[in-house]
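For reference, the chains in residue letters:
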Amino acid sequence: GNIFIGTGAATGGRSGFVVLAPGSGNTGSGSEMVLAGGVSPSSTGGVLAMFSGEGTASSSGNVIIRSANAGTTGTSGSLKFSSGTTSSGNSGVLDISSGAATNGRGGAVVITVGSGTSGVGGQVRILAGRSTLHTGGVLSLGSGEGTATTSGAVVLRSANAGTTGVSGVLVFSS
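To keep things clear, this report deals only with the structure shown in the data block. (Residues numbered from 1 in each chain as written. Predicted model: local features only at pLDDT ≥ 70, side-chain atom pairs only at ≥ 80, totals over all residues. Heavy atoms only, no water.)

## Looking at the overall build of the protein chain
Our working definition: Secondary structure elements follow DSSP: runs of H or I no shorter than four residues count as helices, runs of E no shorter than two count as strands, and numbering proceeds from the N terminus. All radius of gyration figures rest on C-alpha atoms, and the globule criterion is 2.2 Å times the number of residues raised to 0.38. Burial classes: relative accessible area under 20% of the type maximum marks a residue as buried, over 50% as exposed, and values in between as partly exposed (1.4 Å probe, protein chains only). We call two residues in contact when some of their heavy atoms are within 4.5 Å. Working definition of accessibility: Shrake-Rupley area with a 1.4 Å probe, residue cover restricted to the visible protein chains. We count Lys and Arg on the positive side and Asp and Glu on the negative side, and we leave His and both chain ends out. For this purpose, a charge sits on NZ of Lys, CZ of Arg, CG of Asp or CD of Glu.
Across its full length, the protein chain carries zero helices and zero strands. A compact globule built from 174 residues would reach a C-alpha radius of gyration of about 16 Å, whereas the protein chain, at 23 Å, exceeds it by more than 25%. Dimensions of the protein chain, computed from the C-alpha atoms along their principal axes, are close to 60 × 50 × 50 Å. By residue count, 0% of the 174 residues in the protein chain fall in the buried class. Restricting the contact set of the protein chain to residue pairs at least 6 apart, pairs at least 24 apart contribute 0%. Accessible surface, the protein chain: about 16900 Å² in total, of which carbon and sulfur atoms supply 51%. Positive and negative side-chain charges of the protein chain, numbering 7 and 4 respectively, have mean locations separated by a distance of 14 Å.

Put into structure tokens, the structure is as follows:
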């Protein structure tokens with residue numbers, strides 16, 4: 001049977017919160033929290049869906065997925081988004097996109113590395129897939145189409161250098 005966890009509706013204010021969280025401990029690692037879709041031995045597995053709340057007269061809610069801040073030592077937790085492996089057929093698609101807008105601009109997609117105070121800056125790596133039998137995957141960068149006017153620019157640049165040093169090198173090679 002189905003299990004529904006929720007709060008009641010409110011007519012003159014906000015409805016209540018729903019919080020699922022393991023308790024804290026004083027030794028060892030923190031407890032895990034696992035959300036998983038159902039397993040099917042004969043068909044497609046169950047979907048795991050997370051949605052923000054709809055704002056019928058205003059903005060919809062945010063979806064925030066983040067690891068907690070680290071303590072005085074250690075690093076903050078990693079975020080890993082990947083599709084599973086497969087023994088026969090293609091693995092799943094990882095699709096990151098913003099929604100379409102009817103009377104406004106489409107939302108931006110921003111991938112940035114946080115700043116640090118020691119060592120070199122963190123890397124951003126975008127790699128196409130490797131194939132052991134056929135041609136490797138294509139890496140394609142394209143600007144947006146302007147159906148009634150100019151298409152968008154494609155800008156590849158290194159950042160300005162500080163008071164010492166030189167700006168970064170751009171390398172294009174086959």
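## Considerations on the environment of S83
Quick reminder of the rule: Distance and chemistry together define a polar contact, namely a pair of N or O atoms within 3.5 Å, with one atom able to donate a hydrogen and the other to accept it when in protein, and with adjacent residues in sequence counting only for side-chain atoms on both sides.
S83 gets classed as partly exposed once you look at its relative accessible area, which sits at 33%. Along the backbone, S83 and G142 are 59 residues apart, and their C-alpha atoms lie at a distance of 24 Å. Beyond its immediate stretch of four places on either side in the chain, S83 contacts S91 and G92. Engagement of the side chain of S83 in a polar contact is seen with the backbone oxygen of G92, the distance being 2.9 Å.

## Some remarks on the environment of G137
According to the relative accessible area criterion, G137 is partly exposed, its value standing at 42%. Along the primary structure G137 and L127 are separated by 10 residues, whereas in three dimensions their C-alpha atoms are 8.7 Å apart. When residues no more than four places from it in sequence are discounted, the contact partners of G137 are A128 and G129.

On their own, these measurements won't tell you what the molecule is for.
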